[in-house]
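Coordinate inspection notes
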Amino acid sequence: MTKERVLKLPVLEIFGPTFQGEGRAIGQKTMFVRTAGCDYHCDWCDSAFTWDGSEKPTRMTADEVIAELDKLGSYDYVTLSGGNPAILAANMAQLVTKLKERGVTLAVETQGSRWQNWLKDIDQVTLSPKPPSSKMEVNFETLDFIVSQLDPDKVTFKIPVFDDADLAFAKGIQERYQPDVLFLSAGNPEPKATGNIVQDQLDRLKELWERVAADDSWQCPRPSSTPYPPLRQPTWCLRLERKNHVTTRRNEKPQPPRQQRNQLHFRISTRSPRIL
């Protein structure tokens, strides 16, 4: 009789409950499972400990991961993070299956460099292709395939921006994939800096905000064929995101966001927004 192989995940952190600080699900109460390993080694990576060997992962089965989550309290939302969780195949698929069987909503953060079939079972996929400043090269053939396999309503794009080349890269992503929402993050060029980085990051965010706001090509189209109810026609499509979901619309002054982990961001609606 063949003994079933025990699948284990390289786990660095299991923590929560906390709040998602970026992307479409900003403000969402969530647990986090951070796995080790990444196929990218970005020049400014703020989580290099996931791949540089400075921290050793614990090998855990899916059931052991879930048991640790259960110890943290009740939950219905789990974010899979890294590193790049998408480098994990059958072992991660097993965890995804077991959590979905419990009715848990799942989110994942990945650069879109590896396809795994379990990504189809994820409720919110954040794709963060890395721009030129990372010194990594995006395989657009792979990214195209990943995007083609996923439900657009479950995909969010997020691009860190450090310089002009990165902003041009982000514009290329917008034009190539036409996502309904694209998040731009003001990158922190000194991820290992200590002390209070808030003001420096706010200054970077302000500069990025002003550049994008001044460029009409970033604003969402207003097709004449699309009717909008009175007072609801989209006239301003840049939205400054905070953990409490404050947004900026016409005649409102943008308020600076609170400190994020190592990057601050806002989002750009690149298609006419849904009317709720």
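Residues numbered from 1 in each chain as written. Predicted model: local features only at pLDDT ≥ 70, side-chain atom pairs only at ≥ 80, totals over all residues. Heavy atoms only, no water.

Some remarks on helix 4 (residues 164-177)
For helix 4, with 14 residues, the first-to-last C-alpha span of 20 Å sits near the 20 Å given by 1.5 Å per residue. Among all positions in helix 4, only Asp 166, Leu 167, Phe 169, Ala 170, Lys 171, Ile 173, Gln 174 and Tyr 177 are buried. Remark: Gln 178 follows helix 4 within two positions and exhibits a positive phi of approximately 50°. (Helix = DSSP H or I, 4+ residues; strand = E, 2+ residues; numbered from the N terminus. Expected span 1.5 Å × (residues − 1). Buried < 20%, exposed > 50% of the residue type's maximum accessible area, 1.4 Å probe, protein only.)

Quick look at unusual backbone geometry
Look at the link from Gly 16 to Pro 17: it is a cis peptide, with omega at 0°. Turning to its location among the elements, Pro 17 is positioned in strand 1 (residues 9-19). The omega torsion across Gly 82 and Gly 83 is 10°, close enough to zero to call that bond cis. Topologically, Gly 83 is positioned in the loop between strand 4 (77-81) and helix 2 (90-101). For Gln 178, which is not glycine, the phi dihedral falls at a positive 50°. If you trace the backbone, Gln 178 turns up in the loop between helix 4 and strand 8 (181-186).

A word on the packing of helix 1 (residues 62-71) against helix 2
Close contact between helix 1 and helix 2 brings their axes to 9 Å; oriented N to C, the two are set at 50°. Taken as axis vectors, helix 1 and helix 2 run oblique relative to one another. The two elements helix 1 and helix 2 cross, and the hand of that crossing is right-handed. Here Ala 62, Asp 63, Val 65, Ile 66 and Leu 69 of helix 1 lie close against helix 2, whose contacting residues are Gln 94, Leu 95, Lys 98 and Leu 99. Residues of the contact of helix 1 with helix 2, tallied by class, amount to six nonpolar, one polar and two charged. (Axes fitted to C-alpha atoms, helices over the stretch in contact; angles between N-to-C directions. Parallel < 35°, antiparallel > 145°, perpendicular 65-115°, else oblique. Left-handed = near helix turned anticlockwise from the far one by under 90°. Contact = heavy atoms within 4.5 Å. Nonpolar A, V, L, I, M, F, W, Y, C, P; charged D, E, K, R; others polar.)

Quick word on the confidence of the model for the protein chain
This prediction gives the protein chain a mean pLDDT of 80; 78% of its residues lie at or above 70. Here residues 268-276 scores under 50 on pLDDT; set against residues more than four positions off or in separate chains, the count is 41 contacts. (pLDDT = per-residue confidence, 0-100.)

Focus on the pairing of strand 5 (residues 105-110)
Counted residue by residue, strand 5 has five buried out of six residues, so it is predominantly covered. Two elements, strand 4 and strand 5, share four bridges in a ladder whose sense is parallel. If you follow Leu 80 over to strand 5, its bridge partner there is Val 108. Read from strand 4 through helix 2 to strand 5, the crossover connection turns out right-handed. Direction of pairing for strand 5 relative to strand 6 (residues 124-127): parallel, over a ladder of four bridges. Its bridge partner lying in strand 6, Thr 110 is registered against Leu 127. (Pairing = 2+ DSSP bridges. Right-handed = clockwise from strand over helix to strand, strands pointing away.)

Re the pattern of salt bridges
If you walk through the whole model with that rule in mind, you get eleven salt bridges. With a shortest N-O distance of 2.7 Å, Glu 13 and Arg 34 are connected by a salt bridge. On the criterion of sequence distance, the pair formed by Glu 13 in strand 1 and Arg 34 in strand 2 (residues 29-35) is long-range, its members being 21 residues apart. Glu 13 gets classed as partly exposed once you look at its relative accessible area, which sits at 29%. The closest approach of N and O atoms between Lys 135 and Asp 43, which form a salt bridge, is 3.8 Å. Highlighted residues: Lys 135 in the loop between strand 6 and helix 3 (140-149) and Asp 43 in the loop between strand 2 and strand 3 (58-60), separated in sequence by 92 residues. (Salt bridge = Lys/Arg side-chain N within 4 Å of Asp/Glu carboxyl O.)

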